[in-house]
Amino acid sequence: MRIGYTHAEYDRESEYHQDIEDAQNAQIEAQKNSQSTAIESERILNDTGILPQEDAK
């Protein structure tokens, strides 16, 4: 059994964890953007008095 990492193994491990963190941050950012878009769309609809088709009766 070997203890420790070579520099290449350490670099790959670091890149792996950085990729995971980057993906998580991108997902969080996408969720924020999606929520902002939904809120902005709702505000525009309320300001214009235009209702989405399924709500108009």
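Described below are features of the structure shown in this document. None of the values given here were measured: they were computed from a predicted structure.

## Details of the overall build of the protein
Okay, so step 1: In terms of regular secondary structure, the protein is built from one helix and zero strands.
Okay, so step 2: By the burial criterion, 0% of the 57 residues in the protein qualify as buried.

## Section: helix α1 (residues 7-48)
Okay, so step 1: Taking 1.5 Å as the rise per residue, α1 with 42 residues should run 62 Å; its terminal C-alpha atoms sit 60 Å apart, in good agreement.
Okay, so step 2: At the exit of α1 stands G49, carrying a positive phi of roughly 75°.

## A look at a negative patch on the surface
Okay, so step 1: On the surface, D11, E15, D19, E21 and D22 cluster together to form a negatively charged patch.
Okay, so step 2: By the secondary structure assignment, E15 is in helix α1.

The rules behind the values
Residues numbered from 1 in each chain as written. Predicted model: local features only at pLDDT ≥ 70, side-chain atom pairs only at ≥ 80, totals over all residues. Heavy atoms only, no water. Helix = DSSP H or I, 4+ residues; strand = E, 2+ residues; numbered from the N terminus. Buried < 20%, exposed > 50% of the residue type's maximum accessible area, 1.4 Å probe, protein only. Expected span 1.5 Å × (residues − 1). Patch = residues over 30% accessible without salt bridge, like charges linked within 9 Å, V, L, I, M, F, W, Y side chains within 5 Å. Areas by Shrake-Rupley, 256 points an atom, 1.4 Å probe, with all protein chains shown as cover. Salt bridge = Lys/Arg side-chain N within 4 Å of Asp/Glu carboxyl O. Lys, Arg positive; Asp, Glu negative; His and termini not counted. Charge placed at Lys NZ, Arg CZ, Asp CG, Glu CD.

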